[in-house]
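The lines below spell out each chain.
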Amino acid sequence: MGGHNTKIMATKMKALIGFGKMKDDELVISCNTIIGAMTGNAKYPAPTPALTDIQTLLDDFTAKLAIARKRGSPEDTALKDESRSPLIVVMQQLGYYVNSVAQGHLSTLLSSGFPPIAPPLPIRCPSKWTM
């Protein structure tokens, strides 16, 4: 029975923190989901950075995103892009906090609103009939 548990322990779940690759809309939705899930969440008593600080950056980015979409001048787009970077940084920091608290525990991780990183798929040898 001990052997069964070792396999589960080997795959530690971690929060997915690749926010830089997300499209603007995905970033906004993910941030809102995570802030909502972590607000008042007893499993995460002291989020670092503070959720209010993240919300401020998110509000700033969301406002600049709306302006860039409405008028769309190069300056508006640059301002939106500039407000995106600090938001990504704080979300990555929050992801590290979540990972340190969750310690690979899936239900704790999921309660944060962060999507888990999919465990790597086992490598299979091609069968003989595959060309």
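A brief look at the structure comes next. (Residues numbered from 1 in each chain as written. Predicted model: local features only at pLDDT ≥ 70, side-chain atom pairs only at ≥ 80, totals over all residues. Heavy atoms only, no water.)

1. Comments concerning the nonpolar core
Selection rule: Among the buried residues, those of types Ala, Val, Leu, Ile, Met, Phe, Trp, Tyr and Cys that are joined through side-chain atoms within 4.5 Å form a nonpolar core. We call a residue buried when its accessible area falls under 20% of the maximum for its residue type, exposed when it is over 50%, and partly exposed in between, using a 1.4 Å probe and counting protein chains only. We count a stretch as a helix when DSSP gives it H or I for four or more residues in a row; a strand needs E for two or more, and each element gets its number in order from the N terminus.
Counting 27 residues, the largest nonpolar core has F19, M38, L87, M91, L94 and F114 as its most contacted members. At the level of secondary structure, the elements contributing two or more residues to this core comprise α2 (24-38), α3 (51-70) and α4 (74-102). It is α4 that provides the largest number of residues to this core, a total of 8 residues.

2. Digging into the packing of α2 against α4
This is how the line gets drawn: Every angle, taken between N-to-C directions, lies between 0 and 180 degrees, and every axis is a line fitted to C-alpha atoms, over only the stretch in contact when it is a helix. Roughly parallel means an angle under 35 degrees; roughly antiparallel means over 145; roughly perpendicular covers 65 to 115; every other angle is labelled oblique. Each crossing gets its hand from how the near helix is turned against the far one by less than a right angle, where anticlockwise is left-handed and clockwise is right-handed. Contacts: residue pairs with any heavy atoms within 4.5 Å of one another.
Relative to each other, α2 and α4 sit at 40°, their axes nearing to 11 Å. With respect to α4, the element α2 is oriented oblique. Once α2 is placed against α4, the crossing between them reads as left-handed. Across the interface between the two elements, D24, L27, C31, I34 and M38 of α2 pack against K80, R84, L87, I88, M91, L94, Y97 and V98 of α4.

3. Remarks on the environment of L110
With respect to the helices and strands, L110 occurs in helix α5 (residues 106-111). A residue is classified by how much of its surface remains accessible, and L110, at 45% relative accessible area, is partly exposed.

4. Brief notes about unusual backbone geometry
Look at the link from T48 to P49: it is a cis peptide, with omega at -5°. Tracing the backbone shows P49 in the loop between α2 and α3. Residue Q103 is not a glycine yet carries a positive backbone phi of 50°.

5. Remarks on the packing of aromatic side chains
Rules: Aromatic pairs are defined between Phe, Tyr and Trp rings, using the six-membered ring for Trp, whenever the two ring centres lie within 6.5 Å; interplanar angles under 30 degrees are classed as stacked, those over 60 as edge-to-face, and all others as tilted.
Going through the model one piece at a time under the given rule, you end up with 2 aromatic pairs. For the ring pair F19 and F114, a centre distance of 5.9 Å and an interplane angle of 75° mean the geometry is edge-to-face. Of this pair, F19 sits in the loop between α1 (2-10) and α2 while F114 sits in the segment after α5; the two residues are 95 residues apart in sequence, bridging distant segments of the chain. Grouping residues by exposure puts F19 and F114 together as buried.

6. Remarks on the packing of α2 against α3
Running from amino to carboxyl end, α2 crosses α3 at an angle of 155°, the nearest separation of the two axes being 11 Å. The angle between α2 and α3 places the two elements in the roughly antiparallel class. Crossing handedness for the pair α2 and α3: left-handed. Across from D24, D25, L27, V28, C31, N32, I35 and M38 in α2, the residues of α3 making contact are L51, I54, Q55, L58, F61, T62, L65 and R69.

7. What about the environment of A37?
Within the secondary structure layout, A37 lies in helix α2. According to the relative accessible area criterion, A37 is partly exposed, its value standing at 26%. Along the primary structure A37 and L110 are separated by 73 residues, whereas in three dimensions their C-alpha atoms are 9.0 Å apart.

8. Quick word on the side chain of D76
Looking at the secondary structure, you find D76 in helix α4. The contact partners of D76, leaving out residues within four places of it in the chain, are I67, A68 and R71.

9. Remarks on the environment of K64
For K64, the location among the structural elements is in helix α3. Placed 12 residues apart in sequence, K64 and D76 show a C-alpha to C-alpha distance of 7.1 Å.

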